[in-house]
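Tertiary structure, described
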Amino acid sequence: ELEFALADVDSHGTFKVGDLPANDAILLVVVEKRPKSPMVAFQSYAIPTPQGHKEAQIAVIDAVPKEDDPESVKLLLEDHVDPKEAQTVAKRIEHLSYNRVYSVEEGSYDASIMKNSTKAINLVGQQNYVLLRTGSNGFETSLVVFPSEVAPKPGMVQYIKDSAKSFFAKVFRH
């Protein structure tokens, strides 16, 4: 059981784990603010622990409330191609559904939720990433990538704390 509360904002809730996965996995819990309520909602994902796989694991999550954006959109993930190579290289393009976990070859990609809003990401094999579509209550829809870069080994705990603080500040703005 995980109790969640924000001191400066009247938001709280409880997340309970039911059945555990049969294999080793990382539990990702996404906290969402409910409209017109101090209670929060949760989405959870079990990301398999990479054992002998070279691929990166990405959780593609939609945290935009359906009433704010009822359209069924997908994340566009395509090979990042240097403009100099654009004429000679064919790039792979995938339309990924939200609220799923994918295994993706390591490499450089462009991720977008809108044609004019693209983020370059570098996926490292045997690492886990979260691509989170956010936006609500008048805030523009955007794509948050975590981690935005590979965390350095020294000071990793502080890095995670700072990243989480920044992430929650974006999600729970008024």
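Conventions and cut-offs
- Residues numbered from 1 in each chain as written.
- Predicted model: local features only at pLDDT ≥ 70, side-chain atom pairs only at ≥ 80, totals over all residues.
- Heavy atoms only, no water.
- Core = buried A, V, L, I, M, F, W, Y, C linked by side-chain atoms within 4.5 Å.
- Buried < 20%, exposed > 50% of the residue type's maximum accessible area, 1.4 Å probe, protein only.
- Helix = DSSP H or I, 4+ residues; strand = E, 2+ residues; numbered from the N terminus.
- Contact = heavy atoms within 4.5 Å.
- Salt bridge = Lys/Arg side-chain N within 4 Å of Asp/Glu carboxyl O.

Here the focus is the nonpolar core. In terms of nonpolar packing, the biggest core is built from 17 residues, with Ile58, Leu75, Leu77, Ile121, Leu123 and Leu131 touching the most fellow members. Elements that contribute at least two residues to this core include exactly β5 (56–62), β6 (75–79), β9 (107–114), β10 (117–123), β11 (128–134) and β12 (142–146). Non-local contacts of leucine 123, meaning those with residues more than four positions away in its chain, are made with Ala56, Ile58, Val104, Glu106, Gly107, Tyr109 and Tyr129.

Moving on, we come to the environment of valine 17. Note that valine 17 resides in the loop between β2 (11–15) and β3 (25–33). Judged by relative accessible area, valine 17 falls into the partly exposed class, the value being 45%. Sequence separation between valine 17 and leucine 2 is 15 residues, and the spatial gap between their C-alpha atoms is 8.4 Å.

Let's shift gears to the pattern of salt bridges. Evaluation of the coordinates by the stated rule reveals four salt bridges. Between arginine 92 and aspartate 79 there is a salt bridge, with the nearest N and O atoms lying 2.8 Å from each other. Of this pair, arginine 92 sits in the loop between β6 and β7 (93–96) while aspartate 79 is found in strand β6, placing the two residues 13 residues apart along the sequence. One salt bridge connects arginine 92 with glutamate 105, and the closest N-O pair in it is separated by 3.5 Å. Of this pair, arginine 92 sits in the loop between β6 and β7 while glutamate 105 sits in the loop between β8 (100–104) and β9, and the two are 13 residues apart along the sequence. Linked by salt bridges that have partners in common, Asp79, Arg92 and Glu105 make up one network.

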